[in-house]
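The chain contents come next:
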Amino acid sequence: MTGANVTSTGHDLSAARWLDTHFESARPEYEAALRQVGIRAGDTVLDAGCGNGGFLSVLCELVGPEGSITALDLAPENVASIEAAIRAGVLPSTVLPRVGDVLALPFPDSVFDQIWCANVAQYLTVADFGRMVSEFRRVAKPGASIAIKEFDSTIMQLHPLANDRLARLWEERRKSAARDLIGPWGGTSIPTRLRQAGLEQVSAKGWLVERWAPAPHATRSLIESFFPHWARHAAQFDALSADVGFWNDLAARPSQILDAADFCFREFFVVATGRAPS
């Protein structure tokens, strides 16, 4: 898979510019979700699959100068972006960037007080998710909190005009994906999977991101990037052949939806938290 929104590791919708746009569109909900997982001043935190570091500013605020954050990502360009932010003084030196794989964490046992993992599970199979959580358990201190944020695209909506077509697109993508892929529709399944992986005291909260007209700038940019992306995906399915022209037309003239008086965009994500066994 190639394109402006794809990382060097082949992960779609994970490149720095797209991540920044999506984060800015959902910033209030994203930051509120992170603040409620229980990270404390002085904690040693792993941001596993950190992308280009959207959550790092809030993590730094929460742990304070006595804490530390290890920012790990598989894509070297994302880690380089974080390193540049540290050199520029945008992020403090308590952030420790590292290229690495969540399936084979390059850390010793029992070193982290908290683990935060956002939007990584969707790229994993069920088996690999279990491996990831097993690695989290290994590097977490006994009783440490492990929090996983993930989308549930079955609740994504775009009004007016596009809602039915969007639902059809997600359904076709889900049906065609590997049967054991968690996918971006899998957020609601994460609490169950954490229990199955042996975490204790598992709890979860869902967050609705809802934007009405007038569409905020970041949301406009996000949706403008979605239209050609959705057109490419629709073109892969015979059942959606009639929708390809619709998405391409929106890519060429996004104002049809973005400037509508009753514009509304909704997306949903889940944060599930559990504790490593003591």
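Calculation rules
- Residues numbered from 1 in each chain as written.
- Predicted model: local features only at pLDDT ≥ 70, side-chain atom pairs only at ≥ 80, totals over all residues.
- Heavy atoms only, no water.
- Axes fitted to C-alpha atoms, helices over the stretch in contact; angles between N-to-C directions.
- Helix = DSSP H or I, 4+ residues; strand = E, 2+ residues; numbered from the N terminus.
- Parallel < 35°, antiparallel > 145°, perpendicular 65-115°, else oblique.
- Left-handed = near helix turned anticlockwise from the far one by under 90°.
- Contact = heavy atoms within 4.5 Å.
- Nonpolar A, V, L, I, M, F, W, Y, C, P; charged D, E, K, R; others polar.
- Phe/Tyr/Trp six-rings, centres within 6.5 Å; stacked < 30°, edge-to-face > 60°.
- Buried < 20%, exposed > 50% of the residue type's maximum accessible area, 1.4 Å probe, protein only.
- Lys NZ or Arg CZ within 6 Å of the ring centre and 35° of its normal.

Side note on the packing of helix H8 (residues 217-234) against helix H9 (residues 241-252)
Now for step 1: Look at H8 against H9: their axes get within 8 Å of each other, and the N-to-C directions meet at 165 degrees. The angle between H8 and H9 falls in the class roughly antiparallel. Regarding H8 and H9, the two cross each other, and that crossing is left-handed. Facing H8, whose interface residues are Phe227, Pro228, Trp230, Ala231 and Ala234, H9 presents Val244, Trp247, Asn248, Leu250 and Ala251.

Focus: the packing of helix H1 (residues 16-25) against H8
Now for step 1: Look at H1 against H8: their axes get within 8 Å of each other, and the N-to-C directions meet at 130 degrees. As far as their axial angle goes, H8 and H1 are oblique. Crossing angle aside, the handedness with which H1 passes H8 is left-handed. Contacts from Trp18, Thr21, His22, Glu24 and Ser25 of H1 reach H8 at Ala218, Thr219, Ser221, Leu222, Ser225 and Phe226.
Now for step 2: Taken together, the residues of the contact of H1 with H8 sort by class into four nonpolar, six polar and one charged.

Some thoughts on the packing of aromatic side chains
Now for step 1: Overall, the coordinates contain 15 aromatic pairs when judged by the stated rule.
Now for step 2: For the pair Tyr30 and Phe269, a centre-to-centre distance of 5.2 Å together with 85 degrees between the ring planes defines the contact as edge-to-face. Within this pair, whereas Tyr30 is found in helix H2 (residues 27-35), its partner Phe269 is found in strand S8 (residues 264-275), the two being separated by 239 residues in sequence. Phe269 matches Tyr30 in its accessibility class, with the two residues each being buried.
Now for step 3: Here the aromatic rings of Trp230 and Trp247 are separated by 5.1 Å at their centres, their planes lie at 65 degrees, and the arrangement is edge-to-face. Remark: Trp247 occurs in helix H9 and Trp230 occurs in helix H8; sequence separation between them is 17 residues. For the residue pair Trp230 and Trp247, the accessibility class agrees, reading buried in each case.
Now for step 4: Ring pairs connect the aromatic residues Trp18, Phe226, Phe227, Trp230, Phe246, Trp247 and Phe265, which therefore count as one cluster.
Now for step 5: A cation over an aromatic ring shows up here: Lys149 above the ring of Phe269, its NZ or CZ 4.6 Å from the ring centre.
Now for step 6: Lying over the aromatic face of Phe246, Arg165 brings its terminal NZ or CZ to 4.0 Å of the ring centre.

Coordinates in, geometry out; function isn't part of it.
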